[in-house]
Amino acid sequence: MRKLCDAIDRFCLYHPRFGIPNLMCYVVFIMGAVFILDLFSSGAATNMLYFDANLILQGELWRLVTWLFTPSNTSVFWVVISLSFYYFIGTAVESYWGPAKFTLFYLSGAVFMVALAMLSCLFVPFSIVSSYDLNRVLFLAFATLYPDALIRFYLILPIKAKWLAALYVILTVYDLSRMGLAMMAMTLPPLVGLWFVYAVFFWDRIADLLAEFGFAVRRQNSKQTIHFKSAVKQQQKKAKEQGYRHRCEICGRTDTEYPDLQFRYCSRCAGYHCFCQDHIFNHTHFTE
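Asker: Explain the packing of helix H7 (residues 99-120) against helix H8 (residues 131-145) to me, please; I cannot follow it from the model alone.
Answerer: A pair of packed helices is captured by two measures, namely the crossing angle of their axes and the spacing between those axes. For the pair H7 and H8, the least separation of the axes is 11 Å and the interaxial angle reads 140 degrees. Regarding the angle of H7 to H8, the classification is oblique. In this structure, H7 meets H8 at a crossing whose hand is right-handed. Here H7 contributes Phe102, Phe105, Tyr106, Gly109, Ala110 and Met113 to the contact with H8, which in turn contributes Asp133, Leu134, Asn135, Val137, Leu138 and Ala141. Along the lines of polarity and charge, the residues of the contact of H7 with H8 split into nine nonpolar, two polar and one charged.

Asker: Is there a simple way to explain the pattern of salt bridges in this structure?
Answerer: A side chain of one charge can pair with a side chain of the opposite charge if their charged atoms are brought near each other. A full pass over the atoms with the stated rule returns five salt bridges. Measuring nitrogen to oxygen at the nearest pair gives 3.7 Å for the salt bridge that ties Lys160 to Asp148. Of this pair, Lys160 sits in strand E2 (residues 157-160) while Asp148 sits in the loop between H8 and strand E1 (150-153), placing them twelve residues apart in sequence. Lys160 sits in the partly exposed class, given a relative accessible area of 34%. When salt bridges that share partners are traced, they join Asp148, Lys160 and Lys162 into one network.

Asker: Looking at this structure, how should I read the packing of helix H1 (residues 2-14) against helix H10 (residues 181-201)?
Answerer: Close contact between H1 and H10 brings their axes to 8 Å; oriented N to C, the two are set at 75 degrees. As summarised for this structure, H1 and H10 are arranged roughly perpendicular, according to the angle between their axes. On the side of H1, the interface is formed by Leu4, Cys5 and Ile8, while H10 contributes Phe196, Val200 and Phe201.

Calculation notes
- Residues numbered from 1 in each chain as written.
- Predicted model: local features only at pLDDT ≥ 70, side-chain atom pairs only at ≥ 80, totals over all residues.
- Heavy atoms only, no water.
- Axes fitted to C-alpha atoms, helices over the stretch in contact; angles between N-to-C directions.
- Helix = DSSP H or I, 4+ residues; strand = E, 2+ residues; numbered from the N terminus.
- Parallel < 35°, antiparallel > 145°, perpendicular 65-115°, else oblique.
- Left-handed = near helix turned anticlockwise from the far one by under 90°.
- Contact = heavy atoms within 4.5 Å.
- Nonpolar A, V, L, I, M, F, W, Y, C, P; charged D, E, K, R; others polar.
- Salt bridge = Lys/Arg side-chain N within 4 Å of Asp/Glu carboxyl O.
- Buried < 20%, exposed > 50% of the residue type's maximum accessible area, 1.4 Å probe, protein only.

Rendered as structure tokens:
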């Protein structure tokens, strides 16, 4: 798992243009358009787009992708709230990771859900694949990155994201435990694929959490890794005092002055050094 996590970070570092900037904006916009079409067609748009393995095998291949844009609610009020929330958490995660890693996370979750759902259809009549589950795990990613962010539960009660994420995990396990074997066989495979993707992307945090409770032994890190993580904490504390989060070591530009500029951190440099997109591959590595 750790090797996969490191491989993802390396891939995103060396392919910063891989991702789709503002991916969640496109997802929310198309989902909203599908909902509007549903209002005028009595749900015909969703019926043409939702995931159905049997129809896919009959040639309706577009359903492999279009299920991503099917709304999970029929109420205008709650659709507006949910789409706004999806956009908020999606852009927040993309801002933290960058477009490359966020796109890889979101699309990998979708691909694994579809792959395991198609595989499970060899044993069960159909599998349940929905954008609702994908976006709930997106919230889990948001809560992992921003655990102390306040979320208005039902637009009233402010609760920290980490507690809502814990509630989601508990309720999901509870719902699964109440299902019969047949229903669980149709529901569980896509969720397993989705949770696997989450575990890969957040393996370092999961391993740290397990180690705190004595469930796992942390691998001994190299001295360079230890210094790098220590420098990360120092830089985060320093960033709060300076008023910006990222500053290029070469040209001095910051994310506050240039919000559209992408910044990356070089793992080959000693310490915690940030570079803009113009200098991440064009600089002399720091050795001290």
